[in-house]
Amino acid sequence: MFNFVAMQVENDVKQMEEQFQAKIDADIRIEPRDWMPEKYRKTLIRQMSQHAHSEVVGMLPEANWITRAPSLRRKVALLAKVQDEAGHGLYLYSACETLGADREETIDDLHSGKAKYSSIFNYPTITWADIGAIGWLVDGAAIVNQVALQKTSYGPYARAMVKICKEESFHQRQGYEIITVLANGTPAQKAMAQDALNRWWWPSLMMFGPTDADSPNTQQSMAWRIKRHTNDDLRQMFIDATVKQAEVAGLTIPDKDLKWNEERGHYDFGEIDWEEFYNVIKGNGPCNKQRIEARKKAKEEGMWVREAAMAYAEKQKTKTKAA
Ligand code: FAQ
């Protein structure tokens, strides 16, 4: 009897999985109340929460330059950009909640080092040109990845990406403008732009994740259409689009093996230092400790604001009930 019930349950789950995959294959979006395999839900929470953490931690390197932006115009644009990143983090944390993730726990996982965030935000912003390089390269890479995610199979994630991509294109343009102005400025300014490109180029390529051969999650995420392109394909798209932009700015990409390959219709490029990448994601990058400390401090110091907002909301609720 017990065996029969267990077999029945197994058959039902198998059938639900088949129906789920058929929906995915027909490009029908999965919505929060739809049935989904537990592993699909967990994969999404992992990717989306890491993405949310990246947006939030990603504010730190640029915030470092808000008070030192060289003009009021630059300061206003940078402030708006950093504020946009906070907004992206909030949409993405909310999207995680639609999958049953608890927001406090999600954030605690970042602070305890359990959850990852993008490797790129563990590098320091040493000069003003770094702000240009982040907008141009880091937001540029983020757009290539996120345009693809507008077609991801989970509805709330895909919809969040539409608005995020619009804002990221403004970010990319403000960064490229900073870089081109510097590249066309005095020899010292041009050298500063080139130095920023030299330092940010390789870490930007690492943003796309390990090679397909070394990416444990890609195959399943492609089958579930969470990912619509592999890490290597997105990296190649980014390189192909960015080489021309560097040429127009009069800057040199720091890769002696970068060469157009007529046969492939793509640029060939040099070997990425994967040891550096794995070191950074393990917590040993130049700024990992500083970034997590800053996020923890922000949580502690902002606690009174959250407590006051909760107390106010509670008071309003009592007032409404009494009326
Ligand atoms: N950094 O099997 P895969 C932005 C981890 S937003 C750290 O290939 P997957 C906006 C990966 O999580 C930037 N960890 O994994 C902005 C996995 O670890 P786990 C963030 C990385 O998920 C601009 C392991 O390695 N964007 O920049 C990285 O299939 C300026 C194996 O890798 C997103 O998050 C990395 N670079 O593919 C903000 C986009 N790469 O969890 C402020 C959404 C890989 O198994 C200023 N995410 N890992 O322990 C994705 O598209 C994917 O998650 C990938 C990785 C492509 C990042």
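The coordinates are above.
Quick summary incoming for the structure in this document.

The rules we used
- Residues numbered from 1 in each chain as written.
- Predicted model: local features only at pLDDT ≥ 70, side-chain atom pairs only at ≥ 80, totals over all residues.
- Heavy atoms only, no water.
- Salt bridge = Lys/Arg side-chain N within 4 Å of Asp/Glu carboxyl O.
- Helix = DSSP H or I, 4+ residues; strand = E, 2+ residues; numbered from the N terminus.
- Buried < 20%, exposed > 50% of the residue type's maximum accessible area, 1.4 Å probe, protein only.
- Expected span 1.5 Å × (residues − 1).
- Arc of directions from axis to C-beta.
- Contact = heavy atoms within 4.5 Å.
- Axes fitted to C-alpha atoms, helices over the stretch in contact; angles between N-to-C directions.
- Left-handed = near helix turned anticlockwise from the far one by under 90°.
- Nonpolar A, V, L, I, M, F, W, Y, C, P; charged D, E, K, R; others polar.
- Near = heavy atom within 4 Å.
- Polar contact = N/O pair within 3.5 Å; in protein donor to acceptor, adjacent residues only side chain to side chain.
- Areas by Shrake-Rupley, 256 points an atom, 1.4 Å probe, with all protein chains shown as cover.
- Parallel < 35°, antiparallel > 145°, perpendicular 65-115°, else oblique.
- Patch = residues over 30% accessible without salt bridge, like charges linked within 9 Å, V, L, I, M, F, W, Y side chains within 5 Å.

### Quick look at the pattern of salt bridges
- Here the structure, examined in full by the defined rule, presents 25 salt bridges.
- Between Lys23 and Asp34 there is a salt bridge whose closest N-O contact spans 3.3 Å. Here the residue Lys23 occupies a position in helix H1 (residues 2–25), and Asp34 occupies one in the loop between H1 and helix H2 (38–57), the gap between them amounting to 11 residues.
- Residue classification places Asp34 among the partly exposed residues on the basis of a relative accessible area of 25%.
- Shared partners join several salt bridges into a network, and the residues in it are Glu62, Lys81, Glu85 and Asp139.

### Remarks on helix H12 (residues 288–301)
- If you check H12, its first and last C-alpha atoms are 20 Å apart, about what 14 residues at 1.5 Å a residue would give, namely 20 Å.
- For H12, the full list of buried residues reads Asn288, Arg291, Ile292 and Lys299. Around the axis of H12, the buried residues are gathered within 95° of arc, so they sit on the same side. Exposed and facing more than 90 degrees away from the buried side of H12 are Lys289, Gln290 and Glu300.

### A closer look at the side chain of Gln146
- Relative to the assigned elements, Gln146 resides in helix H6 (residues 128–149).
- Since its relative accessible area comes to 3%, Gln146 is described here as buried.
- In contact with Gln146, other than residues within four places in its own chain, are His51, Glu55, Met161, Ile164, Cys165 and Glu168.

### Things to note about the packing of H2 against helix H5 (residues 103–112)
- H5 packs onto H2 with a crossing angle of 65° between their chain directions and a minimal axis gap of 11 Å. Of the two possible hands of crossing, H2 and H5 adopt the one that is right-handed. Facing Ser49, His53 and Val57 of H2, the residues of H5 in contact are Thr106, Ile107 and Leu110.
- Here the residues of the contact of H2 with H5 sort into three nonpolar, three polar and no charged.

### Some thoughts on the site of the ligand
- Around the ligand sit 35 residues in total, of which Gln50, Lys116, Ser215, Lys227 and Asn231 are the nearest.
- Between an oxygen atom of the ligand and a side-chain N or O atom of Gln50, the distance comes to 2.7 Å.
- When the ligand sits alone it has 1100 Å² of accessible area, and the protein chains cover 91% of it.
- Among the elements of the structure, H2, helix H4 (72–97), H6, helix H7 (155–183) and helix H11 (274–284) are those that each provide at least two residues to the shell around the ligand.
- Of the residues that constitute the shell around the ligand, the class distribution is 13 nonpolar, 13 polar and nine charged.

### Quick notes on the environment of Gln21
- Relative to the assigned elements, Gln21 resides in helix H1.
- For the pair Gln21 and Ala158, spaced 137 residues apart in sequence, the C-alpha separation works out to 18 Å.

### Digging into the packing of H4 against H6
- Remark: H4 packs on H6, axes separated minimally by 13 Å, with the N-to-C direction vectors making an angle of 45°. When the interaxial angle is binned, H4 and H6 end up oblique. Crossing of H4 against H6: the hand is left-handed. Counting all contacts with H4, which are made through Arg74, Leu78, Lys81 and Glu85, the residues of H6 involved are Trp128, Ile131, Gly135 and Asp139.
- Within the contact of H4 with H6, the residues separate by chemical class into three nonpolar, one polar and four charged.

### A word on a nonpolar patch on the surface
- Judged by side-chain polarity, Phe4, Val5, Val9, Val13 and Trp35 come together as a nonpolar surface patch covering roughly 430 Å² of accessible area.
- Of note, Phe4 is situated in helix H1.

### A look at H11
- Considered for burial, the residues of H11 that qualify are Trp274, Phe277 and Val280. For H11, the angular spread of the buried residues around the axis is 125°, confining them to a single face. Exposed side chains of H11 directed beyond 90 degrees from the buried face belong to Glu275 and Lys282.
- The residue sitting at the N-terminus of H11 and contributing the capping side-chain oxygen is Asp273; that oxygen lies 3.2 Å from the backbone nitrogen of Glu275.

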